[in-house]
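# Fold and geometry: a report
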Amino acid sequence: TESQLDRLLVAVDGHRHKALIYLAVVTGMRMGELLGLRWSDLDWLSGEIRISRQAQEIRGTGTVFADTKTMAGRRTVIIGAQMLELLREQARQIDVMRKFARDQWKENDLIFPSTVGTVIGRSNLHKEWNRILETAGLPPMRFHDLRHLAASIMLVKLRRSPTQVASILGHAKTSTTLDIY
């Protein structure tokens, strides 16, 4: 609900994952797509983010970068000035983490790295997500529900066409978007 979203956004204010959660709400990106984003994917001038990979955990191997779920998943989304400012804050936060980690830092150019520059583990992000929900006084829900929320906002509040929303979400067919949302 709208009040739940408000409580969530208040709960992440000042949190290290604030920009990640806002970007999920604004774009409907999947967790793996968010975790696979690099600064080189962001065009600061146009406000566009190119989504071309996802971080994927493979048992016995660890986290690897893989293609998006579908070819339609390779897409460019436009974000607004407020989101760009949150990403500027994120870049400053990463500079602090990099200085603190010193020799342990592994540079991967990630927009949402771990505290040592590597990909954030999904289980760690899930634990943090559950803590945020608890802080917000919200019932348990999946991180993926932010994708559903983003689609609903785009369709209902922003009155975007199903074709536009399908493109933003990376669905190959508009029918997929309509069937789910």
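Residue positions are given per chain, counting from 1 as you read along its sequence in written order. Residue-level local features of this predicted model are given only where pLDDT is at least 70; pairs of side-chain atoms are given and counted only at 80 or more, and the full residue set underlies all totals for whole chains, interfaces and linings. In computing side-chain properties, one takes all heavy atoms of the structure into account and sets aside hydrogens as well as water.

## Some details on the overall build of the chain
Secondary structure elements follow DSSP: runs of H or I no shorter than four residues count as helices, runs of E no shorter than two count as strands, and numbering proceeds from the N terminus. The helix and strand tally for the chain stands at 8 helices and 5 strands. For 181 residues, the compact-globule formula gives about 16 Å, and the C-alpha radius of gyration of the chain, at 16 Å, lands near that figure. For the chain, the spread of C-alpha atoms along the three principal axes comes to 50 × 40 × 35 Å. The buried label goes to any residue with under 20% of its type's maximum accessible area, the exposed label to any with over 50%, and the partly exposed label to all in between, with areas taken from a 1.4 Å probe on protein chains only. Counting across all 181 residues of the chain, residues that qualify as buried make up 43%. Under the convention used here, Asp and Glu are negative, Lys and Arg are positive, and both His and the chain ends fall outside the count. Charge coordinates come from a single atom per side chain, which is NZ of Lys, CZ of Arg, CG of Asp or CD of Glu. One finds the centroid of the 26 positive side-chain charges in the chain at a distance of 3 Å from the centroid of its 19 negative side-chain charges. We take the radius of gyration over the C-alpha atoms and set the globule estimate at 2.2 Å times the residue count to the 0.38 power.

## Looking at the sheet that holds strand E2 (residues 48–51)
Pairing is antiparallel across the open sheet formed by 3 strands, whose spatial order is E1-E2-E5. Looking along the sheet, the strands with just one partner apiece sit at the ends: strand E1 (42–43) and strand E5 (75–78). For two strands to be treated as a pair, DSSP must find at least two bridges joining them.

## Here's the deal with the nonpolar core
One broad rule of soluble globular proteins: the nonpolar side chains tend to lie buried together. The set of buried Ala, Val, Leu, Ile, Met, Phe, Trp, Tyr and Cys residues whose side-chain atoms join them within 4.5 Å is what this entry labels a nonpolar core. By size, the foremost hydrophobic cluster in this structure holds 49 residues, and its most contacted members are Leu8, Leu87 and Phe112. Looking at which element gives the most residues to this core, the answer is helix H4 (residues 81–101), with 7 residues. The contact criterion used is simple: two residues touch if any of their non-hydrogen atoms lie within 4.5 Å. Among residues more than four places away in sequence, those in contact with Leu87 are Ala19, Trp39, Leu42, Trp44, Ile49, Ile79, Ile111 and Phe112.

## A closer look at the confidence of the model for the chain
Each residue carries a pLDDT score, the predictor's own confidence in it, on a scale running from 0 to 100. When pLDDT is averaged along the chain, the result is 90, and 98% of the positions lie at 70 or above. Ranking the helices and strands of the chain by mean pLDDT puts E1 first, with 97, and helix H8 (residues 174–180) last, with 70.

## What about the packing of aromatic side chains?
Aromatic rings from Phe, Tyr and Trp, taking only the six-membered ring of Trp, are treated as a pair when their centres fall within 6.5 Å; an angle between ring planes under 30 degrees marks them as stacked, one over 60 as edge-to-face, and anything in between as tilted. As enumerated under the stated definition, the model contains 2 aromatic pairs in all. Between Trp39 and Trp44 the ring centres are 5.9 Å apart and the planes differ by 10°, which places this aromatic pair in the stacked class. Stacked on the ring of Phe65, the Lys or Arg Arg38 has its end atom at 4.5 Å from the ring centre. In our convention, an over-ring charge means Lys NZ or Arg CZ found within 6 Å of a ring centre and within 35 degrees of that ring's normal.

## A closer look at the side chain of Arg30
Positionally, Arg30 belongs in the loop between helix H2 (18–27) and helix H3 (31–35). The class for Arg30 is buried, based on a relative accessible area of 12%. Think of a polar contact as two N or O atoms within 3.5 Å of one another; within protein, one of them needs to be a possible hydrogen donor and the other a possible acceptor, and neighboring residues in sequence only count if both atoms come from side chains. Here Glu33 takes part through its side chain, which lies 2.9 Å from a polar atom of the side chain of Arg30.

## Digging into the pairing of strand E4 (residues 62–66)
Alignment of strand E3 (residues 54–58) against E4, held across 5 bridges, turns out to be antiparallel. Directly across from Glu57, in E4, lies its bridge partner Thr63.

## Side note on unusual backbone geometry
Of all residues except glycine, most have a negative phi; of all peptide bonds, most are trans. Even without being glycine, Arg102 reaches a positive phi, approximately 50°. By secondary structure assignment, the location of Arg102 is in the loop between H4 and helix H5 (122–136). On the accessibility criterion, Arg102 (65% relative accessible area) is exposed.

## A closer look at the packing of H2 against helix H6 (residues 145–157)
Think of each axis as a best-fit line through the C-alpha atoms, taken over the contacting stretch in the case of a helix, with angles from 0 to 180 degrees between the N-to-C directions. One can describe the packing of H2 onto H6 by two numbers: an axis separation of 6 Å at closest approach and a directional angle of 45°. Taken together, the axes of H2 and H6 are oblique relative to one another. Counted together, Ile21, Ala24, Val25, Val26 and Thr27 of H2 and Leu146, Leu149, Ala150, Ile153 and Met154 of H6 form the full contact between these two elements. Side-chain classes are defined by residue name, with Ala, Val, Leu, Ile, Met, Phe, Trp, Tyr, Cys and Pro counting as nonpolar, Asp, Glu, Lys and Arg as charged, and the others, Gly among them, as polar. When the residues that make up the contact of H2 with H6 are grouped by side-chain class, the tally is 9 nonpolar, 1 polar and no charged. In this scheme, roughly parallel covers angles under 35 degrees and roughly antiparallel covers those over 145, while 65 to 115 is roughly perpendicular and the rest are oblique.

## Digging into the pattern of salt bridges
A side chain of one charge can pair with a side chain of the opposite charge when the charged atoms of the two come close. Put simply, a salt bridge is a Lys or Arg side-chain nitrogen that is within 4 Å of an Asp or Glu carboxyl oxygen. One pass over the structure, following the stated rule, counts 12 salt bridges. In this structure, the salt-bridge partner of Lys157 is Glu2, at a minimum N-O distance of 3.1 Å. Of this pair, Lys157 sits in helix H6 while Glu2 sits in helix H1 (residues 2–12), and the two are 155 residues apart along the sequence. The exposure class of Lys157 is exposed, given its relative accessible area of 55%. One continuous salt-bridge network, built from bridges that share partners, spans Arg30, Glu33 and Arg75.

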